[in-house]
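Residue-level structural notes
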Amino acid sequence: MKKVIANSLAKGISYHEYRDLVKNLLEKGKSTGENQSEELLNYSVLNDKRMKRLDKTIKLTDEVLAKIKTVKAPQTWLVLSESWCGDAAQNLPVIHKMASENEQIQLKIVLRDENLALMDAFLTNGGRSIPKLIALDTNNEVLGTWGPRPEIATKMVADYKKEHGALDAEFKESLQVWYNKNKGVNLQENLMSLLK
């Protein structure tokens, strides 16, 4: 496991490098990942716009800001992502904002489909769900994980699947509305447990 983590960390890029990668791919009409389709490209374009907006508007709560300042030991937040993932687009800007508030927290992003060994070690209910955040200490020991959605959104997904069997476009739209209204607050609350 340590070798898998170390290999992924070596490929990790900063949030700004990730945003540049996505922008450069979009200029070529591509999304991240080996699978390319019109649908994935459209999601990536939409997500790029979401992230630009969130980068400007995300505010951290006073409680979270205070808790972030208490982190005294270095840790790395290694996040698996892809440009076409709507949950990643909503959560990465918040994760970045939190990590940037304390120099002890280093954020590294890797693409899921290029790091399947890492992804498969951190599945959610047997699935390769992203984003997935793995908090690591300086020895690459896992401090905790989070993902792919804030607690409230996770319950919304589970409830909808239970009632309807699968997620559809209507639900995905209502989930994005929830993200917009929540403004990253539930995610901030969830990530407090990683701030050690």
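As shown above, the structure is provided for reference.
Sequence order as written defines the numbering, with residues in each chain counted from 1. Residue-level local features of this predicted model are given only where pLDDT is at least 70; pairs of side-chain atoms are given and counted only at 80 or more, and the full residue set underlies all totals for whole chains, interfaces and linings. Working from all heavy atoms in the structure, the side-chain values ignore hydrogens and water.

**Brief notes about the environment of Asp55**
Strands here are runs of E lasting at least two residues and helices are runs of H or I lasting at least four, both read from the DSSP assignment and numbered beginning at the N terminus. Mapped onto the secondary structure, Asp55 falls in helix α3 (residues 38-57). For the exposure calls, accessible area comes from a 1.4 Å probe over protein chains only, and a residue counts as buried if that area is under 20% of its type's maximum, exposed if over 50%, partly exposed in between. Given a relative accessible area of 33%, Asp55 falls into the partly exposed group. Residues in contact with Asp55, not counting those within four places in the same chain, are Tyr15, Arg19 and Pro93. Polar contact criterion, stated in full: a pair of N or O atoms within 3.5 Å, where within protein one must be able to donate a hydrogen and the other to accept it, and residues adjacent in sequence count only if both atoms are side-chain atoms. Within polar-contact distance, the side chain of Asp55 engages the side chain of Tyr15 at 2.5 Å. Contacts: residue pairs with any heavy atoms within 4.5 Å of one another.

**Here's the deal with the pattern of salt bridges**
Basic side-chain nitrogens of Lys or Arg form a salt bridge, by our definition, when they fall within 4 Å of a carboxyl oxygen of Asp or Glu. Using the criterion set out here, one finds 10 salt bridges in the structure. Two residues, Arg19 and Asp55, come together in a salt bridge whose shortest N-O distance is 3.4 Å. Note that Arg19 is positioned in helix α2 (residues 15-27) and Asp55 in helix α3, a separation of 36 residues in sequence. Across the salt bridge formed by Arg149 and Asp87, the nearest N and O atoms sit 3.0 Å from each other. With Arg149 in the loop between β4 (142-146) and α7 (151-164) and Asp87 in helix α5 (residues 86-99), this residue pair connects regions lying 62 residues apart in the sequence. Taken individually, Arg149 and Asp87 each receive the classification buried, so the pair is uniform in this respect. Each of the salt bridges in this network shares a partner with another, and the network as a whole consists of Arg19, Asp48, Lys52 and Asp55.

**Focus: the pairing of strand β2 (residues 105-111)**
A large share of β2 lies buried, amounting to five of its seven residues. Sheet analysis places strand β1 (residues 75-81) next to β2, joined by seven bridges and oriented parallel. Paired with Val79 across the bridge in β2 is Ile109. We call a crossover right-handed when, viewed with both strands directed away from the observer, the connection leading from the first strand over the helix to the second proceeds clockwise. As for the winding sense of the linkage, the β-α-β connection from β1 through α5 to β2 is right-handed. For two strands to be treated as a pair, DSSP must find at least two bridges joining them.

**Thoughts on the sheet that holds β1**
Sheet architecture is open: four strands sit in the order β2-β1-β3-β4, paired in mixed fashion. Strands with a single pairing partner mark the edges of an open sheet, and in this sheet they are β2 and β4. Within this sheet the neighbouring strands show an average axis-to-axis angle of 20°, counted without direction. Geometry is summarised by axes, namely lines fitted to C-alpha atoms with helices restricted to the contacting stretch, and by angles between N-to-C directions that run from 0 to 180 degrees. Against the sheet, helix α1 (residues 2-11) engages β1, β2, β3 (132-136) and β4, with an angle of about 95° to β2. Contacts between α5 and the sheet are confined to β1, β2, β3 and β4, with β1 contributing the most and set at about 165° to the helix.

**Some points on the packing of aromatic side chains**
By convention, a stacked pair of Phe, Tyr or Trp rings (six-membered ring in the case of Trp) has centres within 6.5 Å and planes under 30 degrees apart, an edge-to-face pair has planes over 60 apart, and any other such pair is tilted. Following the criterion strictly, the structure yields two aromatic pairs and no others. Both rings, one in Tyr160 and one in Phe171, keep their centres 4.7 Å apart while their planes meet at 35°; by these two values the pair is tilted. Taken together, the residues Tyr160 in helix α7 and Phe171 in helix α8 (residues 169-182) connect sequence positions 11 residues apart. Summarising the burial analysis for this pair, Tyr160 and Phe171 share the class buried.

**Considerations on the nonpolar core**
Most often, soluble globular proteins have nonpolar side chains that are buried together. Grouped together as the largest cluster of nonpolar side chains are 32 residues, with contacts concentrated most on Trp77, Ile95, Met98, Leu107, Leu133 and Leu191. For this core, the leading source of residues is α5, giving six residues. In this text, buried Ala, Val, Leu, Ile, Met, Phe, Trp, Tyr and Cys residues form a nonpolar core when linked through side-chain atoms within 4.5 Å. Ile5, Leu78, Leu80 and Ala88 belong to the second largest nonpolar core, which has 15 residues in total.

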